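# Structure assessment
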Amino acid sequence: MKPTAATWIWGSALAWCVLFLFVAAVANELSSKSAAAGPVAPVTQSGARSVLVARSKQPADAGASPSPSVAVASGATDDVLRLRARGLTLPVSAKSAAQLTDSYTQRRSSGTTHEALDIMAPRGTPVLAVEEGRVVKLFSSKQGGITLYQFDTDATYVYYYAHLDRYAEGILEGDTVLKGQIIGYVGSTGNAAPDAPHLHFAISRLGPERQWWRGTPINPFLIWRNAQP
């Protein structure tokens, strides 16, 4: 039997009604999921930059021990920053970093550059090992007087203590000394003025030969202080 016009109209209306109910149900489900996930703010260019900055401030490993704080100073090299991170002890007891004067670039009467730190102190003031290491040489020279050369634990750097009045009792070549241990006493031996006792302290990065008398000099002043303007 051929469908009448009324039958076709009611059939079409029913189909549209079913389609509308289906679309409404899908839209309601999507809306519910979006509400559960929370509001999502549009990501603008400035917003993306804020996210990147926030992520960059997060520690790489929240469970790791904090690394030493090292200030980037004027004139600081990789060696200076590495030694700063070790927290070296000042080599003269009862002296503070604020009392140090940068004498590294001073010219000497011989025409050479000082390349060391002079720390003025009364004769007999204890001289301390700046960190743990090995005494590699006890030496007496015309310039440095009574001197001591110390390597750090991995023989990367050599520490030079000069113009000593004397060594600490029992100090011998090959000894392992601890950070802060007394290794000698301030004096004015060598070419130091008798009325101006002080410690002449130098640091050098050792070459592959690990020769205690040779290396690339490093300004000790920068270990404890920033470069002076």
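Residues numbered from 1 in each chain as written. Predicted model: local features only at pLDDT ≥ 70, side-chain atom pairs only at ≥ 80, totals over all residues. Heavy atoms only, no water.

A few words on the overall build of the protein chain. Helix and strand content of the protein chain: four helices and nine strands. When the elements of the protein chain are put in sequence order from the N terminus, they spell out α-α-α-β-β-β-β-β-β-β-β-β-α. For the protein chain, buried positions account for 32% of its 229 residues. Expressed as a percentage of contacts within the protein chain between residues at least 6 apart in sequence, the contacts between residues at least 24 apart total 62%. Carbon and sulfur atoms form 59% of the exposed surface of the protein chain, whose accessible area is close to 14,400 Å². (Helix = DSSP H or I, 4+ residues; strand = E, 2+ residues; numbered from the N terminus. Buried < 20%, exposed > 50% of the residue type's maximum accessible area, 1.4 Å probe, protein only. Contact = heavy atoms within 4.5 Å. Areas by Shrake-Rupley, 256 points an atom, 1.4 Å probe, with all protein chains shown as cover.)

Let's shift gears to the pattern of salt bridges. This structure, assessed with the given rule, holds five salt bridges. The salt bridge partner of R205 is D79, with a shortest N-O separation of 2.8 Å. In this pair, R205 sits in strand β8 (residues 198-206) while D79 sits in helix α3 (residues 78-86), placing the two residues 126 residues apart along the sequence. Owing to a relative accessible area of 29%, R205 belongs among the partly exposed residues under this scheme. Each of the salt bridges in this network shares a partner with another, and the network as a whole consists of D79, R82 and R205. (Salt bridge = Lys/Arg side-chain N within 4 Å of Asp/Glu carboxyl O.)

Per-residue confidence for the protein chain gives a mean pLDDT of 77, with 63% of residues at or over 70. A low-confidence stretch, residues 33-74 (pLDDT under 50), is modelled with 12 contacts involving residues beyond four sequence positions or located in other chains. (pLDDT = per-residue confidence, 0-100.)

Turning to the packing of aromatic side chains, a few remarks are in order. Within the structure shown, the criterion is met by seven aromatic pairs. With a centroid separation of 4.7 Å and an interplanar angle of 35°, the aromatic rings of Y149 and Y160 are classed as tilted. Taken together, the residues span a long stretch of sequence, with Y149 in strand β4 (residues 145-152) and Y160 in strand β5 (residues 157-167) at a distance of 11 residues. Their ring planes at 15° and their centres at 6.3 Å tell us that Y159 and F201 sit as a pair that is stacked. In this pair, Y159 sits in strand β5 while F201 sits in strand β8, placing the two residues 42 residues apart along the sequence. Take Y159: its relative accessible area is 0%, and that puts it in the buried class. Grouped by ring-pair contacts, the aromatic residues F139, Y149, Y160, W212 and W213 constitute a single cluster. (Phe/Tyr/Trp six-rings, centres within 6.5 Å; stacked < 30°, edge-to-face > 60°.)

Before going further, it helps to spend a moment on the nonpolar core. Counting 32 residues, the largest nonpolar core has L83, Y159, Y161, I183, F201, I203 and W224 as its most contacted members. Listing elements by their share of this core, those giving two or more residues are α3, β1 (117-120), β5, β7 (182-186), β8 and α4 (221-224). In terms of nonpolar packing, the next biggest core, distinct from the first, is built from 10 residues, V136, F151, Y160 and A202 among them. (Core = buried A, V, L, I, M, F, W, Y, C linked by side-chain atoms within 4.5 Å.)

Along the chain, L164 turns up in strand β5. Look at L164 and you get buried, because its relative accessible area is 0%. Linking L164 and A192, residues 28 residues apart in sequence, is a C-alpha distance of 10.0 Å.

This brings us to unusual backbone geometry. The phi torsion of most residues other than glycine is negative, and most of the peptide bonds are trans. Despite not being glycine, A94 shows a phi value in the positive range, around 70°. With respect to the helices, strands and loops of the structure, A94 is situated in the loop between α3 and β1. You can call A94 exposed: its relative accessible area is 79%. For R210, which is not glycine, the phi torsion reads 55° and is therefore positive. Structurally, R210 is set in the loop between β8 and β9 (215-218).

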